[in-house]
Amino acid sequence: VQLQASGGGLVQAGESLRLSCVASGRFLRISAMAWYRQAPGKQRELVAHINSGGSTTYGDSVKGRFTISRENAKNTVLLQMNSLKPEDTAVYYCAGSYTDVPNFVTWWGQGTQVTVSS
């Protein structure tokens, strides 16, 4: 399974970005998909998680601002990021899993840089 993320960039505080991740390759079924991020000098953290039933979980710092969704027919997961803050600056990683168990990652995509200027 390959996960290809796109949509990162440089924006100003208060603006929006939408990240996209497309899964491809030979696989039986991807259950959960998620976005993680890692800022310089910090540990990788969960941003948002969506399971096979469409239930979502968000990191505390992004609740109310970010929305994760998926398009199963296109093997795609999206992350709509609104009201961006400088502290959202990080490399964002797409992740997929064959299980709905939170924080269990089977496949990682490459990162996409998001930079928010003040």
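The rules we used
- Residues numbered from 1 in each chain as written.
- Predicted model: local features only at pLDDT ≥ 70, side-chain atom pairs only at ≥ 80, totals over all residues.
- Heavy atoms only, no water.
- Salt bridge = Lys/Arg side-chain N within 4 Å of Asp/Glu carboxyl O.
- Disulfide = S-S within 2.5 Å.
- Helix = DSSP H or I, 4+ residues; strand = E, 2+ residues; numbered from the N terminus.
- Buried < 20%, exposed > 50% of the residue type's maximum accessible area, 1.4 Å probe, protein only.
- Patch = residues over 30% accessible without salt bridge, like charges linked within 9 Å, V, L, I, M, F, W, Y side chains within 5 Å.
- Areas by Shrake-Rupley, 256 points an atom, 1.4 Å probe, with all protein chains shown as cover.
- Pairing = 2+ DSSP bridges.
- Axes fitted to C-alpha atoms, helices over the stretch in contact; angles between N-to-C directions.

## A short note on the pattern of salt bridges
- Per the counting criterion, the structure on display carries five salt bridges.
- The salt bridge involving arginine 37 is made with glutamate 45; its shortest N-O contact spans 2.6 Å.

## Observations concerning the state of the cysteines
- Tallied over the full model, the rule gives one disulfide.
- Covalent S-S linkage joins cysteine 21 and cysteine 94, the inter-sulfur distance amounting to 2.0 Å. Around the S-S axis, the bridge from cysteine 21 to cysteine 94 shows a dihedral of about -80° and counts as left-handed. Of the two residues, cysteine 21 is situated in strand S3 (residues 17-24) and cysteine 94 in strand S9 (residues 90-97); the sequence distance between them amounts to 73 residues. Accessibility assignment for this pair places cysteine 21 and cysteine 94 in one class, buried.

## Quick look at a nonpolar patch on the surface
- A cluster of nonpolar side chains, contributed by Tyr98, Val101 and Phe104, occupies part of the molecular surface with about 300 Å² of accessible area.
- Along the polypeptide, tyrosine 98 turns up in the loop between S9 and strand S10 (107-117).

## A few points about the pairing of strand S5 (residues 45-50)
- Bridging between strand S4 (residues 32-38) and S5 involves five bridges; their strand directions are antiparallel. Across the sheet, residue methionine 33 finds its bridge partner in S5, namely isoleucine 50.
- Two successive antiparallel strands, S4 and S5, enclose a turn made up of six residues, where glycine 41 displays a positive phi of approximately 80°.
- Judged from the three bridges that link them, S5 and strand S6 (residues 56-58) form a sheet pairing that is antiparallel. Within S6, the residue paired with histidine 49 across the bridge is threonine 57.

## Digging into the sheet that holds S4
- Read across the open sheet, the six strands follow the order S2-S10-S9-S4-S5-S6; overall the sheet is mixed. In the strand order of this sheet, the two ends are held by strand S2 (9-12) and S6, each with one partner. Between one strand and the next, the sheet's axes are offset by a mean angle of 25°, whatever the strand orientation.
- Pairing of S4 with S9 involves seven bridges; the strand directions are antiparallel. Paired with methionine 33 across the strands is glycine 96, a residue of S9.

## Quick notes on the sheet that holds strand S1 (residues 2-6)
- An order of S1-S3-S8-S7 is seen for the four strands of this open sheet, with the pairing classed as antiparallel. Edge positions in the open sheet fall to S1 and strand S7 (66-71), since each of these has one partner strand only. Taking the axes of each pair of neighbouring strands and ignoring which way they run, one obtains an average angle of 15° across the sheet.
- In the sheet, S7 pairs with strand S8 (residues 76-81) via six bridges, with the strands oriented antiparallel. Bridge pairing in S8 places threonine 67 opposite glutamine 80.

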